[in-house]
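Spelled out from the first residue to the last, the chains are:
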Amino acid sequence: MGRFLSAALALLAGCATLEPASVVPPLAQPLLTSFQIAGRISVRHGAEGFSGNLSWRHANEEDEFVILTPLGQGVARIIKNAAGVSLETPNQAIVRAQDAESLTQSTLGFVLPLSGLPHWVQAQPIGPAAQLRHNPEGTLDQLSEQGWQIDYLAYRAVGALQLPGKVFMENADVKLRLIVDEWQVPAP
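Since this is a predicted model, take the numbers as computed values, not measurements.

1. Quick word on the sheet that holds strand β6 (residues 95-97)
The strand order across the open sheet formed by 11 strands is β6-β5-β4-β3-β2-β1-β11-β10-β9-β8-β7, and the pairing between neighbours is antiparallel. Of all the strands in the sheet, the pair left with one neighbour each is β6 and β7 (131-134). Averaged over neighbouring strand pairs, the angle between their axes works out to 20° when direction is ignored. Relative to strand β8 (residues 140-145), β7 runs antiparallel, the two being bridged by four bridges. Bridging across to β8, H134 finds its partner in L140.

2. As for unusual backbone geometry
Not every positive phi belongs to a glycine, and N60 is a case in point at roughly 50°. Summarising the element assignment, N60 is placed in the loop between β2 (48-59) and β3 (62-68).

3. Quick word on the nonpolar core
Among the nonpolar cores identified, the biggest contains 38 residues, and W56, I150, Y152, M169, L178 and W183 are the most heavily contacted of them. The biggest single contributor to this core is strand β11 (residues 174-184), with five residues. With residues near it in sequence (within four places) discarded, Y152 still touches W120, A123, Q124, L140, D141, Q142, L143, P164, K166 and V167.

4. Re the pattern of salt bridges
Counted by the stated rule, this structure contains six salt bridges. R40 is paired through a salt bridge with D181; the nearest N and O atoms lie 2.7 Å apart. With R40 in strand β1 (residues 34-45) and D181 in strand β11, this residue pair connects regions lying 141 residues apart in the sequence. Using a relative accessible area of 36% as the deciding quantity, one classes D181 as partly exposed. When the shortest N-O distance is used, the salt bridge between E62 and R57 registers 3.2 Å. Note on R57: relative accessible area 28%, which makes it partly exposed. Salt bridges here are not isolated pairs; linked through shared partners, they connect R57, E62, E64, R77 and E88.

5. Re the side chain of Q124
By secondary structure assignment, the location of Q124 is in the loop between α3 (117-120) and β7. Taking relative accessible area as the criterion, Q124 reaches 18% and is therefore assigned buried. Polar contacts involving the side chain of Q124 include one to the main-chain carbonyl oxygen of Q29, which spans 2.9 Å. Q124 has contacts with Q29, P30, L31, H119, L143 and Y152, leaving out every residue within four places of it along the chain.

6. Some words on the environment of W56
Counting through the fold element by element, W56 comes out in strand β2. Through-space distance from the C-alpha of W56 to that of R77 is 9.8 Å; in sequence the pair is 21 residues apart. Discounting residues that sit within four places of it in the chain, W56 has contacts with F35, Q36, I37, D63, E64, F65, L117, P118 and V121. A distance of 2.8 Å separates a polar atom in the side chain of W56 from a polar atom in the side chain of D63.

What counts as what
Residues numbered from 1 in each chain as written. Predicted model: local features only at pLDDT ≥ 70, side-chain atom pairs only at ≥ 80, totals over all residues. Heavy atoms only, no water. Pairing = 2+ DSSP bridges. Helix = DSSP H or I, 4+ residues; strand = E, 2+ residues; numbered from the N terminus. Axes fitted to C-alpha atoms, helices over the stretch in contact; angles between N-to-C directions. Core = buried A, V, L, I, M, F, W, Y, C linked by side-chain atoms within 4.5 Å. Buried < 20%, exposed > 50% of the residue type's maximum accessible area, 1.4 Å probe, protein only. Contact = heavy atoms within 4.5 Å. Salt bridge = Lys/Arg side-chain N within 4 Å of Asp/Glu carboxyl O. Polar contact = N/O pair within 3.5 Å; in protein donor to acceptor, adjacent residues only side chain to side chain.

Encoded structure:
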């Protein structure tokens, strides 16, 4: 019994000196200045909600969002550039504003984070105050910034990059879900 106890203690002592498993550092990827996304979007504000298809073209400081019904009918087209933001809907006058947040507040009754979206859809923070949580693979699991919590539930290999395939965002008023079916990025 004494030998068994000595052997067990020696074994435990040996285990105690093992180093912890290595932690993968956060995956460092460049911020893309242009891309195109095709996917699906759903937005919920209180008891109201919408879901449909999304085509998004981002180039430098210009964005074009085209939102379609699941059957492919155009619902809205939002263009954001240096001149401001415009919203075009079928059979309606074009609505213009200085920024995306005031446009969505005035037309929808709540704010969509269109200014932060080009960063967040790439799993990138806007500024250094963001709170980040990475998974063991080094990709971002969660980002909290500007009152939004963004969860990254899936990634897709796009060339040498790992880009989000499923992004869930929410703040106190709005839940936004984005499923990216296709990424198009410039060749390296």
